[in-house]
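Structural description and commentary
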Amino acid sequence: MSGVDHLHELLGLPAVDFQHATKEAPVQAADAAAWRISVDPYDDECEMTWEEAFQAFVTAVDPAGVRALIIGQWGESYEETSSYPIDLVIAAADRLTSLEAVFVGDIIPEQNEISWIEQSDVTALLTAFPGLLELGVRGGTDLVFSATKHERLRSLTIETGGLPVGVIRGVLDSELPALERLDLWLGVSAYGGDADVADLAPLLSGSRFPRLHHLGLRNSEVQNEIAAAVAGAPVVAQLRTLDLSHGTLGDEGAAALLDGQPLTHLERLDLHHHFMTEPMERRITQALEPHGVQVDVSEREEPWGGRGAEGRYTAISE
């Protein structure tokens, strides 16, 4: 499965693994890194639980200075839900007074497939941390995003192999007046992605998040239909970057984009991992690049088994 890797940064800070197995003090200052806390349940030499690793972290690093926290593998994450580490982080909210970014589930396929990661209601973090600027989640199984209100959140990323429609509705029913970046990995129906394009209507209308300037509707098995809807969507006028990558986009969807509203105001259009033909790649780049739009049409894929449109696949599913 391509496209899933450990985070390299969060909140513009470099991701650093907290070395809970050593007694040496961390080299980085508390506010100079996005701290990743992770345990390996299969490592016989380190039997520490995630709770023990987290407690070691807040002891070794000044928790009041921590700005970004990455929750990595918390155990057998295909069995135990993310409420386990989330509850521990929330319990320390009175000490994590500078926390501005959290990512839940920085887990790669070698540890656990994305659709096996057991998630929970991640909006508990927004309630506990009113100063949060960025929230990211990986994994859609049992994921809940309750409709909520948060004044400061400016970036929300949800990476899944199948995004439940209830999560989409929860996001779109939320009051997030500061939201500038929204990335949704929609995935496939076989792994819980049960939304259709109509469910995105409140988002595409442009009325939900007035400050939004980056929109990612990625990794979808209905990427052509999404492209066609985006082509006439009012929200596009306020965007600087549009990401329709990782999905099943073909010439049909690309043509819809070109035949729709002008996209020449964009700074970047990301279509990588696609099923467009080479002539359509040229057509879309020639239409937009002279206007200063960066267009990514890399990673042209071939359908499985020569089955045409039926053989197209997303970059990430299981």
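Within every chain, residues take consecutive numbers counted from 1 along the sequence as written. Only residues with pLDDT of 70 or above have their local features reported here, since the model is predicted, and side-chain atom pairs are shown and tallied only from 80 upward, although totals for entire chains, interfaces and linings are computed over all residues. Calculated side-chain values reflect all of the structure's heavy atoms, with hydrogen atoms and water omitted.

The subject of this paragraph is the pattern of salt bridges. Note on definitions: salt bridges are taken to be side-chain nitrogens of Lys or Arg within 4 Å of carboxyl oxygens of Asp or Glu. As enumerated under the stated definition, the model contains 17 salt bridges in all. One salt bridge in this structure joins Arg 268 and Asp 296, with 3.4 Å as the shortest N-O distance. One end of the pair, Arg 268, is in strand S11 (residues 268-270); the other, Asp 296, is in strand S12 (residues 294-296), and 28 residues separate them in sequence. Throughout, exposure labels follow a simple rule: accessible area from a 1.4 Å probe, protein chains only, divided by the maximum for the residue type, with under 20% read as buried, over 50% as exposed, and the rest as partly exposed. Among the residues examined, Arg 268 registers a relative accessible area of 30% and is labelled partly exposed. A residue is classified by how much of its surface remains accessible, and Asp 296, at 17% relative accessible area, is buried. Here the salt bridges share partners, and the residues they tie into one network are Asp 17, Arg 36, Asp 106, Arg 138 and Glu 159. Counting from the N terminus, the helices are DSSP H or I runs at least four residues long and the strands are E runs at least two residues long.

The set of residues buried in helix H7 (residues 251-259) consists of Gly 253, Ala 254, Ala 255 and Leu 257. Only heavy atoms matter for contacts: two residues are in contact if any of them lie within 4.5 Å across the pair. Residues of H7 that are buried sit in contact with helix H6 (223-231) and helix H8 (278-288).

This part is about the pairing of strand S3 (residues 34-37). Every second residue of S3 is oriented toward a common face, with Ala 34 and Arg 36 on one face and Trp 35 and Ile 37 on the other, all of them buried. Between any two strands, at least two bridges found by DSSP are needed for them to pair. Where strand S2 (residues 13-17) meets S3, three bridges bridge the pair, whose relative direction is parallel. Across the sheet, Ala 15 pairs through a bridge with Ala 34, a residue of S3. Relative to strand S4 (residues 68-71), S3 is paired through four bridges, and the arrangement is parallel. Within the sheet, the bridge partner assigned to Ile 37 lies in S4 and is Ile 71.

Strand order across the open sheet formed by twelve strands is S1-S2-S3-S4-S5-S6-S7-S8-S9-S10-S11-S12, with mixed pairing between neighbours. In this open sheet, the two strands that pair with only one neighbour each are strand S1 (9-10) and S12. Note on geometry: axes are lines fitted to C-alpha atoms, helical ones only across the stretch in contact, with angles between N-to-C directions running from 0 to 180 degrees. Sheet strands touched by H6: strand S8 (181-187), strand S9 (214-220) and strand S10 (241-243). Its angle to S9, the strand with the most contacts, is close to 155°.

What follows deals with the nonpolar core. Residues enter a nonpolar core if they are buried and are Ala, Val, Leu, Ile, Met, Phe, Trp, Tyr or Cys, with the set joined through side-chain atoms within 4.5 Å. In terms of nonpolar packing, the biggest core is built from 81 residues, with Trp 50, Phe 54, Phe 57, Val 89, Leu 135, Leu 182 and Leu 217 touching the most fellow members. No other element matches helix H1 (residues 50-60), which puts five residues into this core. Listed in part, the eleven residues of the second largest apolar core include Leu 13, Ala 15, Ala 34 and Ala 68.

This brings us to the environment of Asp 87. The topology assignment puts Asp 87 in helix H2 (residues 83-91). Separated by 41 residues in sequence, Asp 87 and Ala 128 place their C-alpha atoms 10.0 Å apart.

Turning to its location among the elements, Thr 248 is positioned in the loop between S10 and H7. Nitrogen and oxygen atoms within 3.5 Å of one another constitute a polar contact, given that in protein one can donate a hydrogen and the other can accept it, and given that sequence-neighbouring residues count only through two side-chain atoms. In this structure the side chain of Thr 248 is engaged in a polar contact, spanning 3.2 Å, whose partner is the backbone oxygen of Glu 221. The residues touching Thr 248, leaving out its near neighbours within four places in the chain, are Ser 220, Glu 221, Val 222, Gln 223, Asn 224, Phe 275, Arg 312, Tyr 313 and Thr 314.

On to the packing of H6 against H7, then. For the pair H6 and H7, the least separation of the axes is 8 Å and the interaxial angle reads 5°. Our classification of the angle between H6 and H7 gives roughly parallel. Within the contact between the two elements, H6 uses Asn 224, Ala 227, Ala 228, Val 230 and Ala 231 and H7 uses Glu 252, Gly 253, Ala 256 and Leu 257. Basically, the charged four are Asp, Glu, Lys and Arg, the nonpolar ten are Ala, Val, Leu, Ile, Met, Phe, Trp, Tyr, Cys and Pro, and anything else, Gly included, counts as polar. Grouping the amino acids of the contact of H6 with H7 by side-chain chemistry returns six nonpolar, two polar and one charged. In what follows, roughly perpendicular refers to angles from 65 to 115 degrees, roughly parallel to angles under 35, roughly antiparallel to angles over 145, and oblique to any angle outside these ranges.

We now examine the pairing of S9. Taken across its seven residues, S9 has seven buried, putting it largely inside the fold. Where S8 meets S9, six bridges bridge the pair, whose relative direction is parallel. Each bridged residue has a counterpart across the sheet, and for Trp 185 the counterpart in S9 is Arg 218. Bridge count between S9 and S10: three bridges; the pairing is parallel. Bridging from a neighbouring strand, Leu 215 pairs with Leu 242 of S10.

Bringing the packing of aromatic side chains into the picture now. Geometry of an aromatic ring pair is reported as the spacing of the ring centres plus the angle between the planes. Only centres within 6.5 Å qualify two rings of Phe, Tyr or Trp (six-membered ring in Trp) as a pair; their planes then separate them into stacked at under 30 degrees, edge-to-face at over 60, and tilted for everything else. Scanning all chains against the criterion turns up six aromatic pairs. Look at Phe 18 and Phe 57: their rings are 5.3 Å apart centre to centre, the planes differ by 75°, and that puts the pair in the edge-to-face class. On the criterion of sequence distance, the pair formed by Phe 18 in the loop between S2 and S3 and Phe 57 in helix H1 is long-range, its members being 39 residues apart. Like Phe 57, Phe 18 is buried. Relative to Tyr 313, the ring of Trp 304 has its centre 4.3 Å away and its plane inclined at 20°; by these criteria the two rings are stacked. The exposure class of Trp 304 is exposed, given its relative accessible area of 51%. The criterion is that NZ of a Lys, or CZ of an Arg, lies within 6 Å of the ring centre and within 35 degrees of the ring normal, and then a charge sits over that ring. When the ring centre of Phe 209 is taken as origin, the NZ or CZ atom of Arg 208, which lies over that ring, is 5.6 Å away.

Take Val 27: it is sitting in the loop between S2 and S3. Remark: the alpha-carbon pair of Val 27 and Val 61, spanning 34 residues in sequence, is separated by 9.9 Å.

Don't take any of this as a statement about function, it's just geometry.
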